[in-house]
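Descriptive analysis of the structure
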Amino acid sequence: MRIDVVSIFPEYLAALDLSLIGKARQDGVLDVRVHDLRSFTTDRHRTVDDTPYGGGAGMVMKAEPWAQALEAVLAEAPAAPRRPTLVVPSPAGAVFDQAMAHEFADLDHLVFACGRYEGIDERAIDWARAGFDVRPVSLGDYVLNGGEVAVLAMVEAVGRLIPGVVGNPESLVEESHADGLLEYPVYTKPSSWRDRDVPEVLLSGNHARIAQWRRLEQFHRTADRRPDLLAAVDTTALTKAELKALREAGFDVVDGRLTRTTH
Ligand code: 6GU
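Bear in mind that the values here come from a model prediction, so they are computed numbers and not experimental data. Counting restarts for each chain, with residues numbered from 1 along the sequence as it is written. Only residues with pLDDT of 70 or above have their local features reported here, since the model is predicted, and side-chain atom pairs are shown and tallied only from 80 upward, although totals for entire chains, interfaces and linings are computed over all residues. Calculation of side-chain values draws on the structure's entire complement of heavy atoms; hydrogens and water are dropped beforehand.

What follows concerns the overall build of the protein. Scanning the protein from terminus to terminus reveals eight helices and 11 strands. Taken over the C-alpha trace, the protein has a radius of gyration of 23 Å; the compact-globule value for 263 residues is 18 Å, which it surpasses by more than 25%. Dimensions of the protein, computed from the C-alpha atoms along their principal axes, are close to 70 × 45 × 45 Å. In the protein, once contacts between residues fewer than 6 apart in sequence are set aside, the share between residues at least 24 apart is 72%. Working note: accessible area of the protein is about 15,300 Å², and carbon and sulfur atoms make up 52% of it. Secondary structure follows DSSP: runs of H or I at least 4 residues long count as helices, runs of E at least 2 residues long count as strands, and numbering of each begins at the N terminus. The quantity called the radius of gyration is restricted to C-alpha atoms. Its globule counterpart is 2.2 Å times the number of residues to the power 0.38. By the convention used here, residues are in contact when the closest approach between their heavy atoms is within 4.5 Å. Only the protein chains shown count as covering a residue, and every accessible area follows the Shrake-Rupley method with a 1.4 Å probe.

If you want it as structure tokens, here you go:
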């Protein structure tokens, strides 16, 4: 996969040299290139922003440096059947989730446009639709100073789904959000630590019991921490055995939605 990132703080993206993503780059699985937006300016001060039309606080990123940068990215883009996807990190975007990470992981070419200040002149975004599939994306309902940290998060979430990036692909199956539920709690040696014992079932060697316990822990944890995710569980996909275990554990299906009836 090819990834281009355009930013006025290219040093921010140095973290992409590290860990699994850095290894994937070394191995040639990921081709990540970071570009300095200022290198696409033509004035002496390398200006990338100006005051907003209509007034208001803060500055807006000028359209022309973005057009120059994105044209350069397109000119260098490897030939591909699909046009590149331009991800524009913004608190005003659609919320990034694991489904979107999978969608992006299937693409050949992702380009990230890191805005700063109050955002990018909207005409640059509109203009980019001619050459890119444009996706304004948010990490969640809070405000960052710029898109760089969001890009680090998204590249990591997307990159680890690409075959060959995560050493053991099985670790992708049993993790939070893989099946719409949060992950079960995990433990390692010693079995007793500061008067706290690992749940007995995990030492039993009974793999069916362990799988059932972990599944119920997923439901309990999701009910505690993310009731919104619990309500989104497809209850028609639950097996009879699962439903029985869930009812015994204090859950029930009410109006088609999985609900916890007791604690
Ligand atoms: Cl993607 N960008 C910015 N600037 N702020 C955010 C965000 C993105 N997601 C949440 N807040």
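So, on to the pattern of salt bridges. When a carboxyl oxygen of Asp or Glu is within 4 Å of a side-chain nitrogen of Lys or Arg, the pair counts as a salt bridge. Within the structure shown, the criterion is met by 19 salt bridges. A salt bridge links aspartate 27 to lysine 23, with the nearest nitrogen and oxygen atoms 2.8 Å apart. Residue burial is assigned from relative accessible area. The probe radius is 1.4 Å, only protein chains are included, and a residue is buried under 20% of its type maximum, exposed over 50%, and partly exposed in between. Since its relative accessible area comes to 43%, aspartate 27 is described here as partly exposed. Overall, lysine 23 belongs to the partly exposed group, its relative accessible area being 47%. Within the structure, one salt-bridge network assembled from shared partners comprises Arg2, Asp4, Asp31, Arg33 and Glu76.

Turning our attention to the sheet that holds strand E1 (residues 2-7). Within a sheet, adjacent strands bond to each other through the backbone by hydrogen bonds, running parallel or antiparallel. Note: two strands are recorded as paired if DSSP finds a minimum of 2 bridges between them. The five strands are arranged E2-E1-E6-E5-E7 in an open sheet whose pairing can be described as parallel. The sheet terminates laterally at strand E2 (31-36) and strand E7 (133-138), the two strands that pair on one side only. When strand polarity is set aside, the average angle formed by the axes of neighbouring strands in this sheet is 25 degrees. As paired strands, E1 and strand E6 (residues 109-113) are joined by five bridges and run parallel to one another. Directly across from valine 5, in E6, lies its bridge partner phenylalanine 112. Note on geometry: axes are lines fitted to C-alpha atoms, helical ones only across the stretch in contact, with angles between N-to-C directions running from 0 to 180 degrees.

Here aspartate 121 is to be found in the loop between E6 and helix H4 (122-128). Taking the relative accessible area as the measure of exposure, aspartate 121 reaches 17% and is therefore buried. Residues contacting aspartate 121, with those up to four places away along its chain left out, are Val60, Met61, Lys62 and Ala63.

A word on the environment of aspartate 31. Its place among the elements puts aspartate 31 in strand E2. Sequence separation between aspartate 31 and methionine 1 is 30 residues, and the spatial gap between their C-alpha atoms is 6.1 Å. Discounting residues that sit within four places of it in the chain, aspartate 31 has contacts with Met1, Arg2 and Ile3. A polar atom in the side chain of aspartate 31 sits 2.9 Å from the side chain of arginine 33. For this analysis, a polar contact is any N or O atom pair within 3.5 Å, provided that within protein one partner can donate a hydrogen and the other can accept it, and provided that sequence-adjacent residues contribute only side-chain to side-chain pairs.

In this section: the pairing of strand E10 (residues 251-254). Consecutive residues of a regular strand have side chains that alternate between opposite faces of the sheet. Examined bridge by bridge, E10 and strand E11 (residues 257-260) share four bridges and lie antiparallel to one another. Looking across to E11, one finds that valine 254 is bridged to arginine 257. Counted between consecutive antiparallel strands, the loop separating E10 from E11 contains two residues, among which aspartate 255 sits at a positive phi close to 55 degrees.

Moving on, we get to the environment of valine 6. Turning to its location among the elements, valine 6 is positioned in strand E1. Relative accessible area serves as the criterion here: at 0%, valine 6 is assigned to the buried category. Every residue in contact with valine 6, bar those within four places of it in the chain, is listed here: His35, Leu37, Trp66, Ala69, Val73, Phe112, Ala113 and Cys114.

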